[in-house]
Each structure stands twice: as structure tokens, then as C-alpha cells.
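Chain and residue survey
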Amino acid sequence: GIKCGIVGLPNVGKSTLFNALTKAGIAAANFPFCTIEPNVGVVPVPDPRLNALAEIVKPQKVLPTAVEFVDIAGLVAGAASGEGLGNKFLAHIREVDAITHVVRCFEHGDIVHVSGKVDPIADIETIDTELALADLESVDKSIARYERVAKSGDKDAKARIEVLQKLRAALDEGRAARTVELDEDERGLLRELFLLTLKPVMYVANVLEDGFEDNPHLDAVRARAAREGAEVVPVSAAIEEEFSQLDDADRDEFLASIGLEEPGLNRVIRAAYKLLGLQTYFTAGVKEVRAWTVKAGSTAPQAAAVIHTDFEKGFIRAETIGYDDFIKYRGEAGARDAGRLRLEGKEYRVQEGDVLHFRFNV
Ligand code: GDP
């Protein structure tokens, strides 16, 4: 599956956030295609469009799509040089597609901060330095390897070394690989290195109940993220965990009492979904209305493969209705009558929110 790793220094609220996420809704057992590990949470993606579709289609079941979060605990200063359980954790980060970086933006006498002082920017830099150092090591090894190959006149090796040198300069200054401008070809050459700092990042700023406004720690994180072009989601992990333990009946009351329309976790989940470069399409039959996840830019057959590989192999066409049309014309029949049902072929790139019905040979 496509995974988002949760990283951060100890005691910033990672486990609290992860627990809240994994308790947030549907039991992971409803997602049989996912391997369940204790540090992996399969989290349904909240999507009001599903309810709107269900109101029209009146299906027996409504199924959201899901994102996977991985709790990567134990990252500390010195990890890249083997401090703590260092390298093991870095290896876990290698396997994820994007990173949710939790930073502590609250003061609390009882909860010790590892470096003795709440300073989210210093925390971000500590983690970034570890990741950049680990990448620097990978890049140096790779340069050495390709230099041996290049001696025999291998052109490909020379191109690789050039890209690696470009990255090396940035990493050496403690900058993330993602800050280096790279074209598609260059990215392709780098894929085999699974660089940590090339992965997209968002920040979850963990605050106290009264810490959403007038919070200099939060402001500092926002300013830093703005420079990086990264998203910040402020959230109170403790409140979210409390919320996740409530029955449905008590949830609305709880939200009203803290003046929110939806739990903060929804924003975390949606931001992660966007960060992972994912998009949603729907199937809307009377048996079930369901959201499916594809990588942004997927073709119709690739989207069909998410349901079943046979759908891709025998793909003929996708009967396609844009989400807005489906709602406006109150379902498939209405959209067809209005001439808003399109027959799309193999080359069609699925659009966000498309309601699809695949035709295929078995
Ligand atoms: P981790 O080491 O990053 O996984 O941090 P934990 O999730 O274990 O949190 C460390 C401590 O901070 C625990 O005692 C949590 O209960 C507490 N904590 C985490 N988030 C919040 C929060 O938003 N508010 C308050 N009051 N405590 C929090």
C-alpha cells in the first residue's frame, strides 16, 4: 500500500496521534488487502461526497477509501551515526512514501522535552539533520560505486554521478534533497536510493486545547513550513485521542463543546492523502457506494486495477460521470439523459471525483 510515516522526536505526541488515528473509525479488518502490523494504522479518509452519493443511490453499503499511517518511533539526535536504534528507524522511513513530522508546540511542566526546552524549529532541524546525514551517506556510497563503473567509460554512470554531486552539495549543507530542483529523468536515476529527504513532508503541530491561536511555537512552525512550501496541520493529539474513544452519540456534543465541526484528525488525514499524491474516484451501485484511491494522473485501466486486476486486463471502457454532474442530475440515469455520461477509453486520465462504471471482457 501507499504509506505515510509519522516521525518526530520522543515525547512530542506521535503515539498519541497514531492511537487516535487508528481508533478513528472502521476496524482495519474491513480492509483485507492491507497487511496489519502493530505500527501500521489503516485510516479511513473522511469524504462528505460519499454521503451525497449515497443519498441518491441508496446503496446497502458505503465504503470509504483508506490511507496507511506508520508510527516510526525512536528517531533521536545521532540516529544516522547509529545512536539509539538509529539505522533501524531510518530503514523504516525509507519504506514510506511521505512523511508526517509531528512537532511539539506546547509547554507542559509534567511532560519532559528531550532537549529540555520546547523549541519546534530546533526539533525540526534535529530530525532534518539526521535524515540529511543518512542521505549523505547513501549518496557518497553511490558516487563511489558509479565512479568505479564510470572508469570503464559508462555514460549512464557519468550522468548519475552528476545528479548525485548536485544532491551532495545540498545535503552537505544540511539541506533536504527535496529542495534541489530535479527533472523527471534525474528523479528516475535517484529512485534506487530511496532517499529520506526526497520524500514529501507535512507538519503536524501538536498544541494544547488553548494553543491554536496566539501560539509563538505554532507561528514559528508555520513560517518555516511556508518557506519550504509544506503544509502545517495544528492539532491537539490529546483531545483527538479523547475524541476517538467516544461513542458516536457523544462525538457531536464533544465537538460542539470545543467549537469544532469535525475532529482535527480529518484534516491530518486529508493533508496526508494530498501529500501522498493520491486522488479518489467513486463507484456507485445499489450494492455499494465506494471510494477508491489511485495515484494522481492514473489512466482508466490503472484505476480499474485497484478494484480487480481482471478489470485492467479486460478493460473495454469506463462509463464516466463527473462528480458534480452525478449530483446535479441525481444519478446515472439522469446524467445519461442529460448527455453527461462519457465513454472513456484506455488513455483517459481519471479526474478527481469521477464516478466510474467499468466495462470489461472476462
Ligand atoms: P511520542 O514519544 O512522540 O510518541 O509521544 P507520546 O504520544 O507518548 O506523548 C508524550 C506525552 O505527552 C504523553 O504523556 C502524552 O499523554 C502527552 N501528550 C501528547 N500530546 C499531548 C497534548 O496534545 N496535550 C497534552 N496535555 N499532553 C499531550
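The model shown is predicted, which means the values in this text are computed figures rather than measured ones.

1. What about the environment of Ser298?
The topology assignment puts Ser298 in the loop between strand S9 (288-295) and helix H11 (300-307). Between the C-alpha atoms of Ser298 and Phe326, which are 28 residues apart in sequence, the distance is 21 Å. Ignoring anything within four residues of it in the chain, the contact list for Ser298 reads Ala303 and Val350.

2. Details of the site of the ligand
Taken together, 16 residues surround the ligand, and among them Gly13, Lys14, Ser15, Thr16 and Ala238 come closest. When contributions to the shell around the ligand are tallied by element, the ones reaching two or more residues are helix H1 (14-22) and helix H8 (237-244). It is H1 that provides the largest number of residues to the shell around the ligand, a total of three residues. For the shell around the ligand, the per-class residue count stands at seven nonpolar, eight polar and one charged.

3. Some thoughts on the UniProt feature "binding site: ATP" (unreviewed entry) in the protein chain
UniProt feature "binding site: ATP" (unreviewed entry): in the numbering of this structure it lies at Asn11, Val12, Gly13, Lys14, Ser15 and Thr16. Position of Lys14 relative to the elements: it lies in helix H1. A count of 25 C-beta atoms within 10 Å places Lys14 in the buried class. If we skip the residues at most four places from it in the chain, Lys14 touches Ile6, Gly8, Asp71, Ala73 and Val102. Here Thr16 is in contact with Ala237, Ala238 and Glu241, once residues within four sequence places are set aside.

4. As for the sheet that holds strand S4 (residues 66-71)
Picture the strands of a sheet paired through backbone hydrogen bonds; they go either parallel or antiparallel. Strand order in the open sheet made by the six strands is S2-S4-S1-S5-S6-S7, with mixed pairing throughout. Pairing within the sheet leaves two strands with one partner each, and these edge strands are strand S2 (40-44) and strand S7 (232-235). On average, adjacent strands in this sheet sit at an angle of 25 degrees to one another, irrespective of strand direction. Two elements, strand S6 (residues 201-206) and S7, share four bridges in a ladder whose sense is parallel.

Criteria and thresholds
Residues numbered from 1 in each chain as written. Predicted model: local features only at pLDDT ≥ 70, side-chain atom pairs only at ≥ 80, totals over all residues. Helix = DSSP H or I, 4+ residues; strand = E, 2+ residues; numbered from the N terminus. Contact = placed C-beta atoms within 7 Å. Near = placed C-beta within 6 Å. Nonpolar A, V, L, I, M, F, W, Y, C, P; charged D, E, K, R; others polar. UniProt positions renumbered as here; feature names shortened; annotations may be inferred. Buried ≥ 20, exposed ≤ 12 C-beta atoms within 10 Å, placed from the backbone. Pairing = 2+ DSSP bridges. Axes fitted to C-alpha atoms, helices over the stretch in contact; angles between N-to-C directions.

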